[in-house]
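Architecture and fold: a report
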Amino acid sequence: MLKILHTADWHLGKRLQEYSRLEEQRLVLDEICQIADRESVDLIVLAGDIFDSFNPAHEAVELLYKTLRKLSDYGKRPIIAISGNHDSTQFVEAPDPLARELGIIFYSRFDSVIPLGKLDSGVEITRSESGFVELKLPQHEFPTRILLAPYANEVSLRIHLGEEDREGEFRSVLSNKWQELADKYCDDLGVNLFVGHFFFTREGEQPEVEPESERPILHVGGTQALFTKNIPSQIQYAALGHLHRYHAVSHDTVPVVYSSSPLAYSFSEADQEKKVVLIEAQPGKPVAYKPIGLKQGRPLYRVKFDQLDKTLQWLEENPNCFVEITYETEQSIDASTRKAIMKAHDGIVNLIPQLKNPLGQESFQLHVDDLSKDVESLFRMFYQSEKGQEPNPEILSLFKEIISQNDPV
């Protein structure tokens, strides 16, 4: 039985507005290493968005390398890591020749071919071509075949795409390539996996909503989705990245699964339990898989209050979190209330006022007569329309400061 651990969307270096998440990332990645050891995992797949930006900070890069060295059990446990839409293809593949000595294979371009050979750990790369690799692990008699599908946009696949029906052609190019590889390499004598960073849905269903922290992954003909039917039937498990919550897209012939990100990275992910997925596979049989919850990291909450004492009580009872507070009030939040709330907790990311009785508001529309008004008057009209009240002196002062900086010299 081959044991595989599926994880994705680490987004190393990501911040939550002004808050660094690096220490939380360090803790949760150590938790993933502990799970891999506890479950005696044979293989790790990391399905894209390793970093949060094309040019990650030194601390994020250092955390990745230290984590992968530990996760690989210092070369005994192979790791397959593909790039996502947040990753630079050149940056991700740069350390591959050295990392491969520890059984860590980075793959970020569809035209890359992984070199064959046996590593010091006994892991052997027996067959490979563009978009495919076959591994032979010393503790198993059978090979492990993996279709590799890092994020690809129109630019990287432009030579394959025509001008007509770009949406359908994009799906066709990818599914034909995957089917060709599966027909060539994936029989019942080995374990057959797919690792990808795309937006998958079942044909005819609405795609899952992307998290607020994600850049839209793909726009071809106005769509962002590939179909689960595009994955070859020979595949026993499809390990996906991009969606930040655990989600099994399909339970049909091929389990198509998003593992989730290890931390909540935006308030659209509030209250989600983050997971990794443990897969048990053997040739010619359906896999067994189960999500394992992650405990490290500060959770994100969205809460609403209309009384200061209840707000402060909740904040005292929930110290280790990030929170977005909507505060219902008759008027704008006064300075003393705002100060008391912000002083009570070190993880308040947003404090949003919401008027209880915003009746009588009219939508902000300019009329011909308004064109003679000055910018400040127009701003007052807009604020009154949106908030149901006049802007206070502090907001007016800030607005005047902003427009003064944009005045022509």
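Our subject is the structure that appears above.
Here the structure is a predicted model, which is why all the values come from computation and not from measurement.

Overview of the environment of Ser-175
Assignment of secondary structure puts Ser-175 in helix α5 (residues 166-185). By relative accessible area, Ser-175 is classed as buried at 14%. For Ser-175 and Thr-228, which are 53 residues apart along the polypeptide, the C-alpha to C-alpha distance reads 9.9 Å. Engagement of the side chain of Ser-175 in a polar contact is seen with the backbone oxygen of Ser-172, the distance being 3.3 Å.

Considering the sheet that holds strand β5 (residues 79-82)
Ordered by their spatial adjacency, six strands build an open sheet running β6-β5-β4-β1-β17-β18, and the pairing between neighbours is mixed. Edge strands, defined here as strands with exactly one partner in the open sheet, are β6 (104-107) and β18 (288-293). Strand-to-strand twist of the sheet, defined as the mean angle between neighbouring strand axes without regard to direction, takes the value 20 degrees. As paired strands, strand β17 (residues 275-281) and β18 are joined by six bridges and run antiparallel to one another. Looking at the pairing, Glu-280 lines up with Ala-288 of β18. Here helix α1 (residues 22-38) sits on the sheet and contacts β1 (2-7), β4 (43-47), β17 and β18; the angle it forms with β1, its principal contact strand, is near 170 degrees. Against the sheet, helix α2 (residues 58-71) makes contact with β4, β5 and β6, and its axis sits at roughly 130 degrees relative to β6, the strand it touches most.

What about the pairing of strand β21 (residues 348-355)?
Relative to β21, strand β20 (residues 322-329) runs parallel, the two being bridged by seven bridges. Bridge assignment links Ile-325 to a residue of β21, and that residue is Leu-351. With helix α7 (residues 335-343) bridging β20 and its parallel neighbour β21, the resulting β-α-β unit is right-handed.

Overview of unusual backbone geometry
Positive phi, close to 50 degrees, is recorded for Ser-40, a residue that is not glycine. With respect to the helices and strands, Ser-40 occurs in the loop between α1 and β4. Among the residues examined, Ser-40 registers a relative accessible area of 49% and is labelled partly exposed. Positive phi outside glycine occurs at Asp-73, with the angle close to 55 degrees.

Re the packing of aromatic side chains
Under the definition given, this model contains ten aromatic pairs. Here the aromatic rings of Phe-379 and Phe-399 are separated by 4.0 Å at their centres, their planes lie at 10 degrees, and the arrangement is stacked. Of this pair, Phe-379 sits in helix α8 (residues 375-387) while Phe-399 sits in helix α9 (residues 393-405), and the two are 20 residues apart along the sequence. Neither Phe-379 nor Phe-399 differs from the other in exposure class; each is buried. Put simply, the rings of Trp-178, Phe-194, Phe-198 and Phe-200 touch in pairs and so form one group of aromatic residues. Over the aromatic face of Phe-227 sits the side chain of Arg-171, whose NZ or CZ is 3.9 Å from the ring centroid. A cation sits over an aromatic face here: Arg-298 above Phe-322, 4.2 Å from the ring centre.

So, how was this worked out
- Residues numbered from 1 in each chain as written.
- Predicted model: local features only at pLDDT ≥ 70, side-chain atom pairs only at ≥ 80, totals over all residues.
- Heavy atoms only, no water.
- Helix = DSSP H or I, 4+ residues; strand = E, 2+ residues; numbered from the N terminus.
- Buried < 20%, exposed > 50% of the residue type's maximum accessible area, 1.4 Å probe, protein only.
- Polar contact = N/O pair within 3.5 Å; in protein donor to acceptor, adjacent residues only side chain to side chain.
- Pairing = 2+ DSSP bridges.
- Axes fitted to C-alpha atoms, helices over the stretch in contact; angles between N-to-C directions.
- Contact = heavy atoms within 4.5 Å.
- Right-handed = clockwise from strand over helix to strand, strands pointing away.
- Phe/Tyr/Trp six-rings, centres within 6.5 Å; stacked < 30°, edge-to-face > 60°.
- Lys NZ or Arg CZ within 6 Å of the ring centre and 35° of its normal.

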